[in-house]
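Below, each chain spelled out in residue letters.
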Amino acid sequence: MGTAWNWGVFLQETPSGGATYLGWLLTGLGWTVGLSLAAWAVALLLGTALGVLRTVPGRLRPGLAAAYVEAFRNVPLLVQLFAWYFVLPELLPRAWGDAIKRSDPLLQQFLAAWLCLSLFTAARVCEQVRAGLGALPPGQLQAALALGLTRFQAYRRVLLPMALRLVVPPLTSEFLNVFKNSAVASTIGLVELSRQSQQLVDYTAQAYEAFIAVTLLYLLVNVAVMLLMRRVEARARVPGFIGAR
Amino acid sequence: MYEFDWSSIPGALPTLARGLLVTLQVTLVAVAVGIAWGTALAVARLSPQAWLRWPAAAYVNLFRSVPLVMVILWFYLVVPQLLRRFLGVSSATDIRMVSALAAFALFESAYYAEIIRAGIQSVPKGQLDAALALGLTPAQAMRRVVLPQAFRNMLPLLLTQAIILFQDTSLVYVIGLADFFGAAYKVGDRDGRLVELVLFAGLVYFLASLAASALVRRLRRRVTA
């Protein structure tokens, strides 16, 4: 297409000095991975708690967890991110909002993106955990309660250890989604991987090289996560259940 | 405390409606092309021919590993050059709309292909064997026997994916196309009422998606009944 290829561009020094364009990409990769892992940790904990709430008896608690899931699943991720980044500081008491707006922009962007991705992903983890708990035979809970365990102990010691191992495969795809969804943070200016690709285009005009490199880095992350989760899956497999060998 | 002022919304309704039209256009085109191209990819992935299976698998895996934001940016880079080269399109055409349509259609095809592949695999093997035994060619068996049953089974999933797609179209923000959210953001930015406009846009997406999901749930009960 008449493109003048120049792969050497990645080794050139950036105008701000002290770094190469490759260095920029790796910094972006660092933010993508850091943001995604931080969000995944919160989402896993919160999502598991919500998934348990959806299965406990009664109306109020399952209803609240279901409302949470509906709210976070039916609003686009981008709109949620803008809500946390632009709207939340305005709605807080003025002193808090001003303190947020005076803080380091990078910190504001990271916190908004972290909060957004965590809560968004928690809704999806919740549904997977609920499905895992639902797949267990009801006798497990009854046996645990009959043995004198409290409901909390039954979930903690009997149901969750089984359910979480059963849902490793669907959680793997949610884990991959976190990395892909983190690209949305580029819209509020967080210089993660996607944003760096656009910066490279602006500074070097080598758009194809920049986009190809970033796409390859995303593929690399994908492969790394899949290899990691394959090991987790092999170790977590429950003998006697589908998928066990 | 923040004082809400919703007064800029009524005047902006025509702008927002135009944005909504863009959102719906992108959604419908992507769903239609996605299902058609996704069916072709799914059949290719299940084909006994390696030269069909491998490219289809590579296509699906590539698109499913890359963030949608990157795909939209990619197409915004590539599409204008292709258009100029092969169609001689003048610069007056809205390149952003064309590249968004291409990006969403080709990206969603990969996701639809996986849903459709699972749907085809859910049809009992005996159906295909029976069709072949009756003398249908493999292509006829796929088109007349397997696919109609597969589509019936996976209709709810296809529609759920369409709802996700409807929400994801908001990402055309990255190339500055004024879809519903883009329009809301512009109005909010112009009037200094970003808080109200973002919340309003969120509410509209929420109600539309919730209503659509409720319809899909009803349909699922009818399909499985």
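Here's a quick rundown of the structure.

Here is what the cut-offs are and how they apply
- Residues numbered from 1 in each chain as written.
- Chains lettered and ligands numbered in written order.
- Predicted model: local features only at pLDDT ≥ 70, side-chain atom pairs only at ≥ 80, totals over all residues.
- Contact = placed C-beta atoms within 7 Å.
- Helix = DSSP H or I, 4+ residues; strand = E, 2+ residues; numbered from the N terminus.
- Nonpolar A, V, L, I, M, F, W, Y, C, P; charged D, E, K, R; others polar.
- Core = buried A, V, L, I, M, F, W, Y, C linked by C-beta atoms within 7 Å.
- Buried ≥ 20, exposed ≤ 12 C-beta atoms within 10 Å, placed from the backbone.

### Some remarks on the interface of chain B and chain A
Opposite the 27 residues of chain B that make contact, chain A presents 27 residues. Going through the elements one at a time, α3 (68–87), α6 (138–168) and α8 (194–224) of chain B are the ones with two or more residues in the side of chain B that touches chain A. By residue number, the principal contributor to the side of chain B that touches chain A is α8 of chain B, which donates ten residues. For the side of chain B that touches chain A, a count of residues per class yields 20 nonpolar, six polar and one charged.

### Topic: the nonpolar core
The tendency in soluble globular proteins is for nonpolar side chains to be buried as a group. Counting residues in each nonpolar core, the largest one holds 118 residues, and the members touching the most others are Leu81 and Ala113 of chain A together with Ile72 and Ala184 of chain B. Among the elements that take part in this core, helix α5 (residues 105–135) of chain A stands out by supplying twelve residues, more than any other. What Ile72 of chain B contacts, discounting residues up to four positions off in sequence, is Ala100, Ala103, Leu171, Val172, Val174 and Ile175 of chain B.

### Let's talk about unusual backbone geometry
At Ala205 of chain A, a position not held by glycine, the phi torsion is positive, near 60°. Assignment of secondary structure puts Ala205 of chain A in the loop between α9 (193–204) and α10 (207–236).

### Describing the environment of Phe86 of chain A
Topologically, Phe86 of chain A is positioned in helix α3 (residues 77–91). Classification of Phe86 of chain A as partly exposed rests on a count of 18 C-beta atoms within 10 Å. Among residues more than four places away in sequence, those in contact with Phe86 of chain A are Leu194, Val195 and Val198 of chain B.

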